[in-house]
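Analysis of the macromolecular model
The residues making up each chain are set out below.
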Amino acid sequence: MTTNFFNPVTTQTWTNGRHQVRCVKVIQETQDVRTFCFMAEQPVLFFFKPGQFVTLELEIDNQPIMRSYTISSSPSIPYSFSITVKQVPGGKVSNWLHANLKVGDELVVHGPVGNFNSIDFPAEKVLFLSGGVGITPLMSMTRWLFDTNAAVDVEFIHSARAPRDVIYHRELVHMFSRIPEFKLHIICESKEDIGEAWAGYRGYLTQPLFELIVPDFMEREIFCCGPTPYMNAIKNILRANNFNMDHYHEESFGATPVEVREDVLELAEQAEVDAENVDTSELHSIEFASSGKSVRIQPGETVHAAAAKLGLHIPKACGMGICGTCRVELKSGEVEMEHNGGITDEDVEEGYILSCCSRPKGDLVVDF
């Protein structure tokens, strides 16, 4: 690497969008977890808010697939970023990444985006709670606090199946041994087949154990990430103690929540009824400038739905305004956009929208 790589004239700053990156390192964290490190050919300062995520644009079995992963590295190491992926039995993307992605390979990522981050919710006392591979966003936050010498009191509780499954174990022990205000607690499930010596906590994070480990949890800003049953158990404990849930934050992308799926089904049924009584004068014209195509849609339909009717494939991963993958530029017109953190205020000011959750208020022209 030459000094030209760091030339401030050629170095760019990462912004939400579509970027091509190259895998530069693969780290085997545990038996079924790997970290993939990426850089850009053109120097890029990968700054993001610790806890945010990217969406990978992949082609598997000749089919385009989008999948979101939290950035596990810290923006304090600015010329690269990393994701940590657990190989899930039957998981199409995770298994493909473990079997195929190697040093030198290039792929496209979208992002960074996400409301789950430690920058937007600063606090002097924080509690990080993670289960399994849910440790990744909290590791990014911890690395950031450690590298920046932040004056923050950190309690970190991580739950794993067994000692061999604790991701980043050595690095965690190193960081938390250096700063008195950082306290680490690891819980391993108590099973007869654990097969390893373990002198730490065993079992699950129940309220008595919660109170024993962090007696002042009511005074802390809480960040939580892990399997849905784990996060639900945490919330039940907090609500039982009348914790102010405004100070509770959890990672939310992943499988579409049941209540969202039910809402979608209900809306779809209502749309069928409304379609029979629609007044054609109320239809909105949606023009896709780059494609030279246009379509008229009913009020309440999304820009993404309009594109699909024309056979235009706007990349989409979550469908709930979380991942930011379906971002497009609005050339003219107005929309009502109900997103969940997948787009920044700066992007909106520059004219971008998320097509999956944007509904036209009138005729639109979209750059796609």
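Everything in this summary refers to the structure shown in the same document. (Residues numbered from 1 in each chain as written. Predicted model: local features only at pLDDT ≥ 70, side-chain atom pairs only at ≥ 80, totals over all residues. Heavy atoms only, no water.)

What follows concerns unusual backbone geometry. Outside of glycine, negative phi angles account for most residues, and trans bonds account for most peptide bonds. For the peptide bond that leads from Gly-111 to Pro-112, omega is 5°, which places it in the cis range. Although it is not a glycine, Asn-149 sits at a positive phi angle of roughly 55°. Taking the relative accessible area as the measure of exposure, Asn-149 reaches 67% and is therefore exposed. The backbone phi angle of Asn-242 is positive, close to 60°, even though this residue is not glycine. Looking at where Asn-242 falls in the secondary structure, it is placed in the loop between α5 (228–240) and β14 (248–250). On the basis of relative accessibility, which here comes to 67%, the residue Asn-242 falls in the exposed class. (Buried < 20%, exposed > 50% of the residue type's maximum accessible area, 1.4 Å probe, protein only. Helix = DSSP H or I, 4+ residues; strand = E, 2+ residues; numbered from the N terminus.)

Attention shifts here to the packing of aromatic side chains. Scanning the model with the defined rule gives 12 aromatic pairs in all. Centre to centre, the rings of Phe-128 and Phe-223 are 5.8 Å apart; their planes meet at 70°, and the pair counts as edge-to-face. Here Phe-128, found in strand β9 (residues 125–131), pairs with Phe-223, found in strand β13 (residues 221–225); they are 95 residues apart in sequence, far enough to count as distant. Classification of Phe-128 as buried rests on a relative accessible area of 1%. Taken together, the aromatic side chains of Phe-116, Phe-128, Phe-156, Phe-176, Phe-182 and Phe-223 make up a single cluster linked through ring pairs. Its guanidinium or amino end placed over the ring of Tyr-168, Arg-143 lies 4.9 Å from that ring's centre, counting from NZ or CZ. Over the face of the ring belonging to Tyr-352 we find Arg-327, whose NZ or CZ atom lies 4.0 Å from the ring centre. (Phe/Tyr/Trp six-rings, centres within 6.5 Å; stacked < 30°, edge-to-face > 60°. Lys NZ or Arg CZ within 6 Å of the ring centre and 35° of its normal.)

Pairing is parallel across the open sheet formed by 6 strands, whose spatial order is β12-β11-β10-β9-β13-β14. With one partner strand each, in any of the chains shown, β12 (201–202) and β14 form the two edges of the open sheet. Pairing geometry for β9 and β13, over 5 bridges, is parallel. Paired with Phe-128 across the strands is Phe-223, a residue of β13. Its contacts with the sheet place helix α2 (residues 135–147) against β9, β10 (153–160), β11 (182–188) and β13, and it is angled at close to 145° to β9. (Pairing = 2+ DSSP bridges. Contact = heavy atoms within 4.5 Å. Axes fitted to C-alpha atoms, helices over the stretch in contact; angles between N-to-C directions.)

Here the focus is a negative patch on the surface. Where like charges cluster on the molecular surface, the negative patch consists of Asp-345, Glu-346, Glu-349 and Glu-350. Mapped onto the secondary structure, Asp-345 falls in helix α8 (residues 345–349). The exposure class assigned to Asp-345 is exposed, which follows from its relative accessible area of 59%. (Patch = residues over 30% accessible without salt bridge, like charges linked within 9 Å, V, L, I, M, F, W, Y side chains within 5 Å. Areas by Shrake-Rupley, 256 points an atom, 1.4 Å probe, with all protein chains shown as cover. Salt bridge = Lys/Arg side-chain N within 4 Å of Asp/Glu carboxyl O. Lys, Arg positive; Asp, Glu negative; His and termini not counted. Charge placed at Lys NZ, Arg CZ, Asp CG, Glu CD.)

As a packed pair, α2 and helix α3 (residues 169–178) sit with axes 11 Å apart at the nearest point and diverge in direction by 35°. Every pair of crossing elements has a handedness; the one defined by α2 and α3 is left-handed. Every residue of α3 that contacts α2 at Ile-135, Met-139, Thr-142, Arg-143 and Phe-146 is listed here: Glu-171, Leu-172, His-174, Met-175, Phe-176 and Arg-178. Looking at the contact of α2 with α3 residue by residue, the classes come out as 6 nonpolar, 2 polar and 3 charged. (Left-handed = near helix turned anticlockwise from the far one by under 90°. Nonpolar A, V, L, I, M, F, W, Y, C, P; charged D, E, K, R; others polar.)

By secondary structure assignment, the location of Val-113 is in strand β8 (residues 106–113). Note: C-alpha distance between Val-113 and Thr-344 (231 residues apart in sequence) is 7.6 Å. Not counting residues within four places of it along the chain, the set of residues in contact with Val-113 comprises Asn-16, Gln-52, Phe-53, Ile-322, Cys-323, Gly-324, Gly-341 and Gly-342.

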